[in-house]
Amino acid sequence: APSVFSSEPQHPQTMLEPDEEPTVPVFNDEFETKNVLLVGETGAGKSWLGNKLLGRTEFTESDGAHSETAHVAAHTCVDREQELNCRIMDAPGVQDTKHEAERIREEMGKFAKVSLEGLHAIVVVVDCHGRFKSHKMEALEQIDEYFGDAGRSHYVIVVN
């Protein structure tokens with residue numbers, strides 16, 4: 001079975017419904033696609049960062065205390081200058097306020113079904129307002145447990 005960290009190019013379909021009109025280009029079949037998964041604690045700013053990367057609001061942002069992301073959600077954008085499609089995937093927060101750990105683990109695993117080409121970056125969003133307490137370290141350890149050795153070379157840390 002191919003690794004989810006493969007960079008084999010394939011051509012996924014757009015994530016828009018057939019009757020939706022995008023305000024910005026969301027996919028170009030001629031361009032390579034890079035897959036980016038946003039992970040971190042609930043309220044760390046994953047959805048906010050995903051919206052900034054997309055250049056439009058697609059992911060529902062929480063108030064920081066309560067989770068808004070229950071399932072992996074994915075949206076794409078096009079960078080014509082780089083001739084690149086970018087699929088941004090927003091995952092539920094680790095140590096989520098509403099969802100049990102096993103359900104979050106299942107949701108985190110769904111990125112493999114969404115990203116046919118494999119995963120190119122795991123963006124770990126860390127909220128460092130205040131002290132870096134033990135629960136933040138536990139969240140990072142939980143993320144590392146999800147992805148293991150193969151994931152470590154794909155980590156990008158974003159401090160919010």
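Residues numbered from 1 in each chain as written. Predicted model: local features only at pLDDT ≥ 70, side-chain atom pairs only at ≥ 80, totals over all residues. Heavy atoms only, no water.

**Student:** What should I look at first to understand the state of the cysteines in this one?
**Tutor:** Here, the word disulfide means a covalent bond between the sulfur atoms of two cysteines. Considering all chains together, one arrives at zero disulfides under this definition. Of all cysteine sulfurs, the one in C86 lies closest to C77, which takes part in no disulfide; the gap is 4.9 Å. Residue classification places C77 among the buried residues on the basis of a relative accessible area of 10%. (Disulfide = S-S within 2.5 Å. Buried < 20%, exposed > 50% of the residue type's maximum accessible area, 1.4 Å probe, protein only.)

**Student:** Looking at this structure, I do not really get the pattern of salt bridges. What am I missing?
**Tutor:** If charged atoms from side chains of opposite charge come close, those side chains can pair. On inspection of all chains with the given rule, the structure shows five salt bridges. Taking the shortest distance from any N to any O, the salt bridge between R56 and E58 comes out at 2.8 Å. Note that D144 and R152 form a salt bridge whose closest N and O atoms lie 2.8 Å from each other. Judged by its relative accessible area of 22%, D144 falls in the partly exposed class. (Salt bridge = Lys/Arg side-chain N within 4 Å of Asp/Glu carboxyl O.)

These figures capture arrangement, not role.
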